[in-house]
Amino acid sequence: MFAAERRQLILEMVRANGAVSLRELARVVQTSEVTVRRDVRALEAEGLLDRRHGGAVLPGGFTRESGFPQKSHLATAEKTAIADLAAGFVEEGEAIVVGAGTTTQELARRLARVPGLTVVTNSLLVAQALAHANRVEVVMTGGTLRGSNYALVGSGAEQSLQGLRVSRAFLSGSGLTAERGLSTSNMLSASVDRALVQAAGEVVVLADHTKLGSDTMFQTVPTDVITRLVTDEPPAHDDRAATELQALADQGVQIAVAGGPGAGHATGQPGLDGAAGDRRGPRRDVPLPGQRRSHAPGAAGGAPQLRPAASLSESPGGGRVADLAPRRR
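A brief structural summary.

Rules used throughout
Residues numbered from 1 in each chain as written. Predicted model: local features only at pLDDT ≥ 70, side-chain atom pairs only at ≥ 80, totals over all residues. Heavy atoms only, no water. Helix = DSSP H or I, 4+ residues; strand = E, 2+ residues; numbered from the N terminus. Buried < 20%, exposed > 50% of the residue type's maximum accessible area, 1.4 Å probe, protein only. Polar contact = N/O pair within 3.5 Å; in protein donor to acceptor, adjacent residues only side chain to side chain. Expected span 1.5 Å × (residues − 1). Salt bridge = Lys/Arg side-chain N within 4 Å of Asp/Glu carboxyl O. Pairing = 2+ DSSP bridges. Axes fitted to C-alpha atoms, helices over the stretch in contact; angles between N-to-C directions. Contact = heavy atoms within 4.5 Å. Core = buried A, V, L, I, M, F, W, Y, C linked by side-chain atoms within 4.5 Å.

Things to note about the environment of Asn186
Here is step 1 of the chain: Inspection of the secondary structure assignment puts Asn186 in the loop between strand E11 (181-184) and helix H9 (187-198).
Here is step 2 of the chain: Owing to a relative accessible area of 16%, Asn186 belongs among the buried residues under this scheme.
Here is step 3 of the chain: Put simply, Asn186 and Met217 are 31 residues apart on the chain and 7.5 Å apart in space, counted from C-alpha to C-alpha.
Here is step 4 of the chain: Within polar-contact distance, the side chain of Asn186 engages the backbone nitrogen of Ser189 at 2.9 Å.

This is the structure:
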């Protein structure tokens, strides 16, 4: 197959699916990933698509959402590292909500080992990952099945979350910026994610570096409501991700980076301070829109006492991590 034919086929696949992994492109065009990467780089230079770590997507920030088969093949190693680290924040006997997504599905597989856990979710994939966990209770929302990501959405899902209160929400999305927060490409998914956030005392966002700096149509979690971001170490040349991480840290988001250069050390990005000693950093309880929290014992309203996030050194798998502090002024 000539280069022009390969590139035309690559374009057609990306336009049809929204996002395609390099591995899948190489399989379809019957060539090596090195050759496909060169083709993708050439197509990006023409403005016909955007490169992402491990794949290619439609050009521009406001792209349509990819389906589960495409997402599941993108940044798989990064998602695994993020899930390993995020699982360390969940404590025995805790009640949490877990949103839909391929990264949260990886998290759910690790949560099966946490005894006494209660997980509320609108994701069939999350529920399936926990289905055989003997000491984990799974609570599904109602709603209408959205087949592209195997999630329950709509008014039924949102109404089933009313009156719910849990300690933490673990959410993913299509893009994350310091200016706008977490966003997704689908209105129904965004609405349910907002309902999940309303039910939680703290919000933990799971997003690999390819989502940093990307903005999509529907905002789900404003930056000032995000308690913590769990992400992976951006490549050295990815200035956009590094800049976005610093901007998020400057706004008070606690940032845990999986696969950094060493526990308790800075990530090496300019302006980012590594936490020394207790790498947990100060806990930040952010009031959610329309909610009031009381943390004093015996306070009115019966709000639960939120426990601090687990120490990063306790995360499963012993992943290397660093907390990023706001830039000193």
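Let's talk about helix H10 (residues 239-250)
Here is step 1 of the chain: Taking 1.5 Å per residue as the helical rise, H10 with its twelve residues ought to reach 16 Å, and the 16 Å between its terminal C-alpha atoms agrees with that figure.
Here is step 2 of the chain: Buried within H10 are the following residues: Ala241, Ala242, Glu244, Leu245, Gln246, Leu248 and Ala249.
Here is step 3 of the chain: Positive phi shows up at Gly252, right after H10, with a value of about 95°.

Description of the pattern of salt bridges
Here is step 1 of the chain: This structure, assessed with the given rule, holds ten salt bridges.
Here is step 2 of the chain: With a closest N to O distance of 2.7 Å, Asp39 and Arg6 form a salt bridge. Taken together, the residues Asp39 in helix H3 (residues 33-45) and Arg6 in helix H1 (residues 3-17) connect sequence positions 33 residues apart.
Here is step 3 of the chain: A relative accessible area of 12% places Arg6 in the buried class.
Here is step 4 of the chain: Each of Asp84, Glu106, Arg109 and Arg110 takes part in salt bridges that share partners, so that together they form one network.

What about the sheet that holds strand E10 (residues 175-177)?
Here is step 1 of the chain: If you walk across this open sheet you meet the three strands as E10-E11-E13, and the pairing is antiparallel. The open sheet has two edge strands, E10 and strand E13 (218-221), and neither has a second partner. Direction aside, neighbouring strands of the sheet carry axes that sit 35° apart on average.
Here is step 2 of the chain: Where E10 and E11 come together, three bridges link them in antiparallel fashion. Counted as the bridge partner of Thr177 is Gly181 from E11.
Here is step 3 of the chain: Along the sheet, H9 makes contact with E11 and E13, crossing E13 at roughly 20°.

Let's talk about the nonpolar core
Here is step 1 of the chain: Counting residues in each nonpolar core, the largest one holds 31 residues, and the members touching the most others are Leu176, Val205, Leu212, Val221, Leu229, Leu248 and Ile255.
Here is step 2 of the chain: Counting residues per element, the ones that place at least two in this core are strand E9 (166-171), H9, strand E12 (200-206), H10 and strand E15 (254-258).
Here is step 3 of the chain: In this view, Leu212 contacts Leu176, Leu229, Thr231, Arg240, Ala241, Glu244, Leu245 and Leu248; residues no more than four positions away in its chain are not counted.
Here is step 4 of the chain: Core analysis: the next-biggest nonpolar cluster, separate from the first, contains 25 residues, Ile82, Ala87, Phe89 and Val119 among them.

Some remarks on the sheet that holds strand E3 (residues 55-57)
Here is step 1 of the chain: Taken together, the three strands give an open sheet; going across it, the order is E1-E3-E2, and neighbouring strands pair in antiparallel fashion. Two strands lie at the open edges of the sheet, namely strand E1 (19-21) and strand E2 (50-52), each paired on one side alone. Adjacent strand axes in the sheet meet at a mean angle of 25°, parallel and antiparallel pairs treated alike.
Here is step 2 of the chain: Here E1 runs beside E3; their pairing, made up of three bridges, is antiparallel. In the sheet register, Ala19 faces E3, and the bridge partner there is Val57.
Here is step 3 of the chain: In the packing of helix H2 (residues 22-29) onto the sheet, the strands contacted are E1 and E3, and the crossing angle to E1 comes to about 80°.

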